[in-house]
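# Summary of the model geometry
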Number of protein chains: 2
Amino acid sequence: MKKYIGIDLGGTNVRAAVVDELGNVLCEVKQETEMEKGREFVVSKMIDMIKSLDDYQSCLGIGIAVPGPVKTDENVMTMATNVPGFEFYEFYKIIEKEIGLPVFLDNDVNSAALAEAVHGAGKNDNIIYYVTVSTGIGGAAVINKKVLSGRFGYAGEIGNIIIDRNRKKYNHLNIGAVENEASGLAMIRRGRELFNTSFTSAKQLFDLVKANDPQAIKLVDDIAYDLAVMLSSVAHVVDPHVFVFGGGVMQSKDLFLPLVKKYFDELVHDAMRDIRFELAQLNEPGIVGAAMLAKESIK
Amino acid sequence: MKKYIGIDLGGTNVRAAVVDELGNVLCEVKQETEMEKGREFVVSKMIDMIKSLDDYQSCLGIGIAVPGPVKTDENVMTMATNVPGFEFYEFYKIIEKEIGLPVFLDNDVNSAALAEAVHGAGKNDNIIYYVTVSTGIGGAAVINKKVLSGRFGYAGEIGNIIIDRNRKKYNHLNIGAVENEASGLAMIRRGRELFNTSFTSAKQLFDLVKANDPQAIKLVDDIAYDLAVMLSSVAHVVDPHVFVFGGGVMQSKDLFLPLVKKYFDELVHDAMRDIRFELAQLNEPGIVGAAMLAKESIK
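Below, the structure is looked at part by part. (Residues numbered from 1 in each chain as written. Chains lettered and ligands numbered in written order. Predicted model: local features only at pLDDT ≥ 70, side-chain atom pairs only at ≥ 80, totals over all residues. Heavy atoms only, no water.)

### Comments concerning the overall build of chain A
- Secondary structure assignment for chain A yields nine helices and 12 strands.
- A compact globule built from 299 residues would reach a C-alpha radius of gyration of about 19 Å, and chain A, at 20 Å, matches this within 12%.
- Overall, chain A is about 60 × 45 × 35 Å in size when its C-alpha atoms are taken along their principal axes.
- A buried classification covers 60% of the 299 residues belonging to chain A.
- Sequence-distant contacts in chain A: of pairs separated by 6 or more residues, those separated by 24 or more amount to 62%.
- Summed over its atoms, the accessible surface of chain A is roughly 11700 Å², and 48% of this surface lies on carbon and sulfur atoms.
- Taking the average location of the 32 positive side-chain charges in chain A and that of its 40 negative ones, the two points are 1 Å from each other. (Helix = DSSP H or I, 4+ residues; strand = E, 2+ residues; numbered from the N terminus. Rg over C-alpha atoms; globule rule 2.2 N^0.38 Å. Buried < 20%, exposed > 50% of the residue type's maximum accessible area, 1.4 Å probe, protein only. Contact = heavy atoms within 4.5 Å. Areas by Shrake-Rupley, 256 points an atom, 1.4 Å probe, with all protein chains shown as cover. Lys, Arg positive; Asp, Glu negative; His and termini not counted. Charge placed at Lys NZ, Arg CZ, Asp CG, Glu CD.)

### Description of the nonpolar core
- Core analysis: the biggest nonpolar cluster contains 107 residues, and Met230, Phe243 and Phe256 of chain A together with Met230, Phe243 and Phe256 of chain B have the highest contact counts within it.
- When near neighbours in sequence (up to four residues on either side) are disregarded, phenylalanine 243 of chain B contacts Tyr129, Val131, Leu231, Val234, Ala235, Phe264, Ile275, Arg276, Phe277 and Glu278 of chain B. (Core = buried A, V, L, I, M, F, W, Y, C linked by side-chain atoms within 4.5 Å.)

### Some details on helix α5 (residues 184-195) of chain B
Residue and element names in this part refer to chain B.
- Counted at 1.5 Å a residue, the expected span for α5 with its 12 residues is 16 Å, and the 16 Å between its end C-alpha atoms agrees.
- Listed in full, the buried residues belonging to α5 are Gly184, Ala186, Met187, Ile188, Arg189, Arg190, Gly191 and Phe195.
- Contacts made by the buried residues of α5 are with α4 (179-182), α6 (202-210), α7 (214-238) and α8 (253-266). (Expected span 1.5 Å × (residues − 1).)

### Observations concerning the packing of α5 of chain B against α7 of chain B
All names here are of chain B.
- As a packed pair, α5 and α7 sit with axes 11 Å apart at the nearest point and diverge in direction by 145°. For the element pair α5 and α7, the recorded crossing hand is right-handed. Mapping the contact onto sequence places Met187, Arg190, Gly191, Leu194 and Phe195 in α5 and Gln215, Ala216, Leu219, Asp222, Ile223 and Asp226 in α7.
- Here the residues of the contact of α5 with α7 sort into six nonpolar, two polar and three charged. (Axes fitted to C-alpha atoms, helices over the stretch in contact; angles between N-to-C directions. Left-handed = near helix turned anticlockwise from the far one by under 90°. Nonpolar A, V, L, I, M, F, W, Y, C, P; charged D, E, K, R; others polar.)

Below, the structure is given as structure tokens:
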């Protein structure tokens, strides 16, 4: 069976694995990134990790998921907030030379989307749209098992989509950007504003919903509407067969996703209401998705 | 040189042409649709028109641009407001049988987008986003010269994207849908509301701008911002190399498009500001685009 190496480069940890063409993780290693030691150090670490994997020479290619937008036709990151120094750094050349296998880069959300499209919730669909609702909000379209990365890697930067222009300015994102109104961090902020308490997680807000707190119920309802407005914008551009949802906030899916779907249905043309809403199925979308970058690029 | 037949089926007229692979129209016929005589009549008319074209037997295939969403994997319209009876009507089979060439269907906006991607303003770009601002607003992504039609043909129904949820309800579209706030019809309505006059065209509003009317200048500025909000949503999903603009409102491009670009730049990440804004280049995107549907599907 064909095998590929998948690497998930994060600001905190690096993971590397051998993944077979069916998406099974055959062996895996994990280390701290230690970004403070410099980019060359981190690249050497990735090479050592690859060499520590059983049978790595029999793999067909290497996919690397990175935490930021990638210009895929040049195999470089265009923005690298969490791995400083990696902007426009052609480290793929170093790894290709050391390991002797072709390297394919894309961002972590795109990689997770590809994993879900090939082996997860969208495996039977031509057009999937993956959405992660976690600290932030990101997304990616996968069309016929190819990720739409965009001109400069900014396709899927949906956290910056405006869902209501009558909000406050918080950061570099647009006023009313969905990431500032419906992400995990936004839930904490909006919970704090409402209850004047020291919320530290979105889960605390959902716990209040479970306890039938009317203010919490109203706030989660408002946030679900905000997310639905963004999803309706995406749907009118892409018209996917399925939205696949990942990210930590989806741990509270039963309290949240049905509301989002209800409002989505109100905001799209009738025939679009049977676009499916599904949860991500894969436990390790990072490394599996990274491996799939290689698989889909090589075949 | 390879040749294709392009048909533009509209609610008012049908046009048919032989188009070569470079996008040149070699011969063309036009007739009234006469939809009131029934769908079978209109299909017979299309067949007769094809047969009247010089040398039609030497073409490789037939593309048909239709006025509504198409489920391309089944070659049928899914909504057909302007050509009643054509919903889910497999008339492609009748034409294939009569003419002996393969038939490919897509909607008129998608066809125009494809024409611009292959022979027009986006011919050197991998990812183009075509936007028509006319009576309504529509769009289409063309990725590596393939139109993204979506699951049910609703990809590009961007007229329904919400640009400000604090507006009035006018019709079946969302409150604050960009088509109700920035299309040609919307310009007429907003002009009438502001000036309490009997505007009948968007041009009248632009004429007031040319005459330095401060209220008209403010209104066109507001409308440009509304359109820019929609374009920023699309850009965060697709990250195209270029937006290509067609439609009647673009006749006033000099008074309008630079404003739209200015606001767009404020609403996207820095690196997205060099997404190009260009005007559609083709005079007959309907029939050329239709012919390109056949060309791109066959090759």
